[in-house]
Structure formats: structure tokens, C-alpha cells
Amino acid sequence: MKNLKKEFLTTFVIGAVLLGFIAILLNMIFNNLNLGRLDLTADQVYKLSPSVKKILAKLEAPIEITYYVSSSEKMPTQWKNLERDVIDKLKDLETASKGMLTYKVFDPSAEEEKESYEEKKQQEAEETGETDEKSKITRKKIAERLYEKGVIPFGVQSTERDEFAIKRVYSSLVLSYLDRKEDIIEEVRPETFGTLEYEIMSRIYKLISNKRPKIGFYPSDPEIPPQMQQYYRQQTPPDMYETTVKLLREQGYDVTRTNIKLEDPIPYDIQTMVLMLDQPLNERQLYEIDKLVHRGVRLVMAANMHNYQISPARNAPGEFDLRGMPTNININDLVKKYGFEFDNKMFMDKNTAFIQVPVYKTRSMGIFQVREQRMEPVTKPVMIRVNTQSINNNLSIANGVNDLFYMYGTRLTVNEDKLEQDTLNYEPLFTSSDFSWTREGAGYGPVNEDPPALENVLRYQPLGILIQGKFKPKYVDVNIPEWPKEPGEESEEAPLNLPSEIIGPSKENKIIAIGCSNIFKSDMLESVTSHKALLINCVDALTLGDELINIRSKNLAAHRIRETSPAAKAFSKFFVIWFVPLCFVGLGIYLNIRRKKK
């Protein structure tokens, strides 16, 4: 018996030791292998988009990503897991690239501490007369070296227990590819982590192409409408899109502005045309745009069909009147051929935002009259707020876009029969809420803002759309429209009547249409970050490649429990309290009847 116990104990110990060694060996073998991760989340927030592998397959040489990040001990509480999440994302990209993408992590703070210690040693050595030439790199030099790359520490709020402070931390990505200029993602934050995959891939795409993408932008220098010539005689009208163009140039685009005129034509070698429509176009301008679409130049177009004025009501103190006037933009003459139109009706939504409206009041101060101004918060149904829930998160265009301030915009009407007939694909980018309506309106009289009857309510109307396919041109088998004559210009030459240059089959193309150009004007871009993201994403998606448009934002969505009805609550209480006892009672009755039968 003792021999059996001894043999069992020996076998057990040897087996346990062998299993331990096997576990350690397997861990060493698979430690350096990144086999990917299994994503079991409902929204697939950790799974790479299919387009990622297609873009990485275009790499001609290895690309290196350096993540400059402060240690987690120095990060605020909500930033503690950022380094781990970013490294996990980089590991996934490394696996998908099959060795063509590598990464490394560098902590500038630790390096600065190390160099600070070396600097202290150097000072002590100088005091004793022993100098060390190796200790010449200082914290200042490290900061300067990183600054040259664009890696700059930034401040974040830190709240721990009863302490509130601003910490300066590093969290930047630098991408290096061949001998091309390094690209940098300056600030990687927890709140923007969901768009990190798109940010990295868009920069890789630009590094691969090794050239500045060219885009056209309309309008160019502000043009003075004929009815405003007298007003602007002594001054230049403001450039409403100066910040917009500057933003696109900062993103690495070669932007050429044009007014689409004979002496100011659309550049031929552009890849995308951005149209901000605030006034009607002439027939020749429509023809030039149609020609662009036919030869495959992508379009981003936004148009405001109405302008509005909000002012204090004369007969109702504290109330404000809404007046509107159509802009008479005629882009529908062209785009209805493509299967959609900008609705000419006034569009309103129950989900609104506020603006500040100046209110003036005159009061007496002795013999003087003083005019005072105060700002009043006002909301109207034409100042629409587009929430995150109304944005199509399946496309990269939604990356970084939260709420949109859809100021005085309109809806887009889609002719689905026309799209099906021309084999065009359509996807909404963002929509209105589930309670919106339209109003007929023309002139400067007060607009009826009252919500309609429930049967007339419109739900989830498209405000931004993406259409792709081969668009049938409008100006085919016709003569080229003549350039309009300038006021006072006369010409004795007869019209040329040249045949249209739009011939042959149309090329595959994409158009993004948005029913509001106000969201891209300088004042709006400077105040609403989501508008910047929307503009950049639209241009990136159409210009940099078809793959980028399918890299979506991967933010964790809060799946809230829906409100429970009274009947469901009653059933839940009954189930929790009485179900188990009734089961026991039923089982007891069954066993009692069965025993009596025996």
C-alpha cells in the first residue's frame, strides 16, 4: 500500500512539473505570435475593416509607426488604458500587414527623466572637475528633437480625489515610410480612439501615393451680385469659405479655387470638385459640372435653398418672427438627371438648436437716449440639430462626427425609380429626426412654424447622401452653351455652336450631396468641430480611394434598456415572486396524484 502511494505521488509530481514546463514552453512560443483577436462585441468595435488589408497590400516597403506616449502612471485616470488600447490596435494592423507594418513605443517622459539624471550627474562631475562628454543630451534637446517631428506634449484635465490639475502628457503617432516626409497624428485621445483606425489608414494612403491630391473649390473670390454692386462699391465682400479652403490645404490637399468662368476655368487635373452653392449657376457652369461628372471627377456639393432672418416680433414682446426667402439656386436642373434633388420647400425639424439673437432697447438717461443691446437665446425649427443616432456610422464619413448644426438646410428628395433605372447605388449619410415637416414659403413675410398634424409628419428624411455609379449626363447631343457676357460687354461675333464634348460612356463616379452649405462656412467650421470632421471625411472618402469610405468609426455605443410598460412590469413581478413556488406546488400535486394511482 505504501509503495502504491509513493508511486502515485511520484507520478503526480513528475506530471505536474512536465505540464508546467509545457505551459511555459507554449507561452514562450506563442508570446511573439500575434494571431489576432476574437471580437465578440455586438458592434464589432475591435475588428479591422475589410478595406484595411487592401490598403496595406499596396505598401511597397515596410512602414514604421512610433507611438510617443507618457507612462500610464503619469496619465489622468480616464487615460490609464489608452496606451494598451493603442498598442492593441497597432498589433492588429501589424498582423494584417503581414510584416509590412511595424511599430515601437517610446516614452519621452522617461527619457527626459533619464537625461535629467544624467544632467545632474554632469553638474556634480563639473564641480569635482570630472567631465563626461557622453552626458551632453539635455531635456531641452530631447524636446527640441521631438518638436521638429511635430510631437508636442499637450494639457489634459486630471481630477483625482480632491485634486484638480492640468497634466502635460505625450500621446502622438509618427508614421515613417521610405524617404518621404513623416506624417503625424498629433493628439491621440480616449474620446477620439474610435477614429484611430481611419486616421492611420488615411495617412498611410497619402504616404503611398507620394503626391498632393488636387481638388477644385467653388466659389473662388467672392462675386458681387448685380443687385449688390452699389453696396460693395467701396469695399470687398467677405470670403465665406476662407477657413474651409485653409483647412483642406492643412490636410495636404492642393486646392485650386475657381468661379467656373471663361477666364477662371476648372483645372483639368483635379480628382475631386467641391461645390458650395449659394447663388444660381448659368447654363455654361452647369455644363462644365456635368462634364466633370461624366469623366469621373468626384463631387462634393452643398446648397442652401433658403435664407432666413430672425428678428423680434413687433406686436408680441419676447417673441421672434422667422422670415425666409428662396435663394433661387438652380442646381436641380442638373442633378435631377442624376436621380436626386434639393427640395425647394422650407424644411423644419422638431430637434433644434439655439442661437443668440441681438435685441436692442432704448432708454432715457436725462437728456440722452441710450440704445442697449442684449443677446437672447432663440430656437426655430429651421435651426436643425442632427444627433449621432441620425448619422450613418457604417461609413467613414461619420468618423469624428457627433452632432451637426444644420443651419437653414433642406432635405434631399431621392428618385429611387431613376436610380434603379440607371443602376446607381444610394446611401444616406445622415437624416432628420423622426418628426420633421415642410412648408411652402416665398417672400419676406413671417413663416408658419407650427408642427403639422401627425399624419403629415415626415420621418428620417435624408439630409446628406452618397450616390455612386455611372451617371447619365444631361448635356449630351447638344451644342455647348455659350459663356455669358459680362454686364456692358457686347460682341458682334456669331455664336460658335460647337457640339458637346460629353461623348462616350460615363466613368464610374461618386457624388456626395448635402442640403446645407452653411455648415461649411468659415464661422461655422471655427465653432463646430464636427463640421470640420464631416468636410475632411467627405473629401478624403472621394479623393483618396474607394477603400477609405468603408473604414467606419468604432466607438462603443451605450445600449440602454428600453422603458418597460406597466404590463411588462406586472408580468416580471409575477414571474419573480410566484413562478418558482407555483412550480413546486405543481410538482407536489403531480407527485401526490401519481402516488395515489400506485
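Residues numbered from 1 in each chain as written. Predicted model: local features only at pLDDT ≥ 70, side-chain atom pairs only at ≥ 80, totals over all residues. Heavy atoms only, no water.

Peer 1: What exactly am I supposed to notice about the overall build of the chain here?
Peer 2: Along the backbone of the chain there are 13 helices and 22 strands. Out of the 598 residues belonging to the chain, those deemed buried represent 42%. Pairs at least 24 residues apart make up 76% of the contacts formed inside the chain by residues separated by at least 6 positions. (Helix = DSSP H or I, 4+ residues; strand = E, 2+ residues; numbered from the N terminus. Buried < 20%, exposed > 50% of the residue type's maximum accessible area, 1.4 Å probe, protein only. Contact = heavy atoms within 4.5 Å.)

Peer 1: Sorry if this is basic, but what is going on with a nonpolar patch on the surface here?
Peer 2: On the surface, Phe571, Phe574, Phe575, Val576, Ile577, Trp578, Phe579, Val580, Leu582 and Phe584 cluster together into a nonpolar patch covering about 1100 Å² of accessible area. With respect to the helices, strands and loops of the structure, isoleucine 577 is situated in helix 13 (residues 566-597). (Patch = residues over 30% accessible without salt bridge, like charges linked within 9 Å, V, L, I, M, F, W, Y side chains within 5 Å. Areas by Shrake-Rupley, 256 points an atom, 1.4 Å probe, with all protein chains shown as cover. Salt bridge = Lys/Arg side-chain N within 4 Å of Asp/Glu carboxyl O.)

Peer 1: Looking at this structure, how should I read the pairing of strand 16 (residues 368-386)?
Peer 2: Put simply, side chains in a regular strand alternate between the two faces of the sheet. Where strand 15 (residues 352-365) and strand 16 come together, 13 bridges link them in antiparallel fashion. The residue bridging threonine 362 from the neighbouring strand is arginine 371, located in strand 16. (Pairing = 2+ DSSP bridges.)

Peer 1: How should empty space enclosed by the protein be read in this particular structure?
Peer 2: Using a probe with the size of a water molecule, rolled over the atoms, empty space left in the structure can be pinpointed. Counted by the stated rule, this structure contains two cavities of 30 Å³ or more. In this structure, the largest cavity spans a volume of roughly 40 Å³. Residue lining of the largest cavity: Ile391, Asn392, Leu395, Ile397, Ala398, Val401, Leu429, Phe430 and Leu534, and that is the complete set. Residues belonging to the lining of the largest cavity are distributed by class as follows: eight nonpolar, one polar and no charged. (1 Å grid on protein atoms, 1.4 Å probe; cavity = no way out; pocket = protein on both sides within 12 Å on 5 of 7 lines; lining within 4 Å. Points joined across faces, edges and corners; volume = space filled by probe spheres on them. Nonpolar A, V, L, I, M, F, W, Y, C, P; charged D, E, K, R; others polar.)

Peer 1: It is not clear to me how unusual backbone geometry should be interpreted in this structure. Could you clarify?
Peer 2: Trans peptide bonds make up most of the peptide bonds, and negative phi angles are found at most residues other than glycine. Note that the residue after tyrosine 218, namely proline 219, is joined by a cis bond; omega there is 10°. Note on placement: proline 219 falls in the loop between strand 7 (214-218) and helix 7 (242-250). The backbone of isoleucine 260 shows a phi angle near 55°, a positive value even though the residue is not glycine. Note on placement: isoleucine 260 falls in the loop between strand 8 (254-257) and strand 9 (272-277). On the basis of relative accessible area, isoleucine 260 is assigned to the buried category, the value being 2%. The residue asparagine 328 is not glycine, and still its phi comes out positive at about 60°. Residue position: asparagine 328 is located in the loop between strand 12 (320-326) and helix 9 (332-335). Residue asparagine 328 is classed as exposed on the basis of its relative accessible area of 57%.

Peer 1: When you look at the sheet that holds strand 9 in this model, what are you seeing that I'm missing?
Peer 2: The strands that make up a sheet pair up through hydrogen bonds in the backbone, lying either parallel or antiparallel. The sheet built from seven strands is open, its strands ordered 8-7-9-10-22-21-19 with mixed pairing. For this open sheet the edge positions go to strand 8 and strand 19 (425-431), each flanked by a neighbour on one side alone. With direction set aside, neighbouring strand axes in the sheet form an average angle of 15°. With six bridges joining them, strand 9 and strand 10 (residues 298-303) adopt parallel strand pairing. Following the sheet pairing, threonine 272 is matched in strand 10 by arginine 298. Strands in contact with helix 7 are strand 7 and strand 8; relative to strand 8, the strand with the most contacts, it is inclined by about 150°. Running at roughly 165° to strand 22 (residues 509-514), helix 12 (residues 529-543) makes contact with strand 7, strand 9, strand 10, strand 19, strand 21 (462-469) and strand 22 of the sheet. (Axes fitted to C-alpha atoms, helices over the stretch in contact; angles between N-to-C directions.)

Peer 1: When you look at the sheet that holds strand 1 (residues 63-69) in this model, what are you seeing that I'm missing?
Peer 2: Overall, mixed pairing links the four strands, which are arranged 2-1-5-6 in an open sheet. At either end of the open sheet lies a strand with only one pairing partner, and these are strand 2 (101-106) and strand 6 (183-185). Across the sheet, the mean angle from the axis of one strand to that of its neighbour is 20°, orientation sign disregarded. One ladder, built from six bridges, connects strand 1 with strand 2; its direction is parallel. Residue tyrosine 68 lies in a different strand from strand 2, and its bridge partner there is phenylalanine 106. Docked against the sheet, helix 3 (residues 82-97) engages strand 1, strand 2 and strand 5 (171-177), running at close to 160° with respect to strand 2. Against the sheet, helix 6 (residues 196-209) contacts strand 1, strand 2, strand 5 and strand 6, and its axis sits at roughly 25° relative to strand 5.

Peer 1: Just checking my understanding: could you explain the environment of valine 245 for this structure?
Peer 2: When you line up the elements, valine 245 lands in helix 7. Each C-alpha atom, one on valine 245 and one on threonine 256, is 9.0 Å from the other, the two residues being 11 residues apart in sequence. Residue contacts for valine 245: discarding those within four places in its chain leaves Phe217, Val255 and Arg257.

Peer 1: Looking at this structure, how should I read the nonpolar core?
Peer 2: Soluble, globular proteins show a tendency: their nonpolar side chains are buried together. In this structure, Leu173, Ile200, Met201, Ile204, Phe430, Ile514 and Leu534 are the most contacted members of the largest nonpolar core, which totals 79 residues. Counting 36 residues, the second-largest nonpolar core is a separate cluster that includes Ile270, Leu292, Leu299 and Ala513. (Core = buried A, V, L, I, M, F, W, Y, C linked by side-chain atoms within 4.5 Å.)

Peer 1: Would you take a moment to explain the environment of serine 572 for this structure?
Peer 2: Looking at the secondary structure, you find serine 572 in helix 13. Serine 572 sits in the partly exposed class, given a relative accessible area of 39%. Here the side chain of serine 572 touches alanine 568 through a polar contact of 2.9 Å, landing on its backbone oxygen. (Polar contact = N/O pair within 3.5 Å; in protein donor to acceptor, adjacent residues only side chain to side chain.)

Peer 1: Just to check I follow, could you spell out the pattern of salt bridges for this structure?
Peer 2: A side chain of one charge can pair with a side chain of the opposite charge when the charged atoms of the two come close. This model, assessed by the stated rule, comprises 20 salt bridges. Between aspartate 183 and arginine 203 there is a salt bridge; the shortest N-O distance is 3.7 Å. Linking aspartate 183 in strand 6 with arginine 203 in helix 6, this pair joins segments that are 20 residues apart in sequence. You can call arginine 203 buried: its relative accessible area is 15%. What you see here is one network of salt bridges that share partners, running through Arg284, Glu288, Lys291 and Glu501.

Peer 1: Honestly, the side chain of glutamine 461 in this entry has me stumped. Any pointers?
Peer 2: With respect to the helices and strands, glutamine 461 occurs in the loop between strand 20 (436-439) and strand 21. Of note is the side chain of glutamine 461, whose polar atom sits 2.8 Å from the side chain of arginine 411. Of the polar contacts made by the side chain of glutamine 461, one reaches the backbone oxygen of arginine 459; its length is 3.2 Å. Excluding residues that lie within four positions of it along the chain, glutamine 461 makes contacts with Phe347, Arg411, Phe430, Thr431, Ser432 and Ser436.

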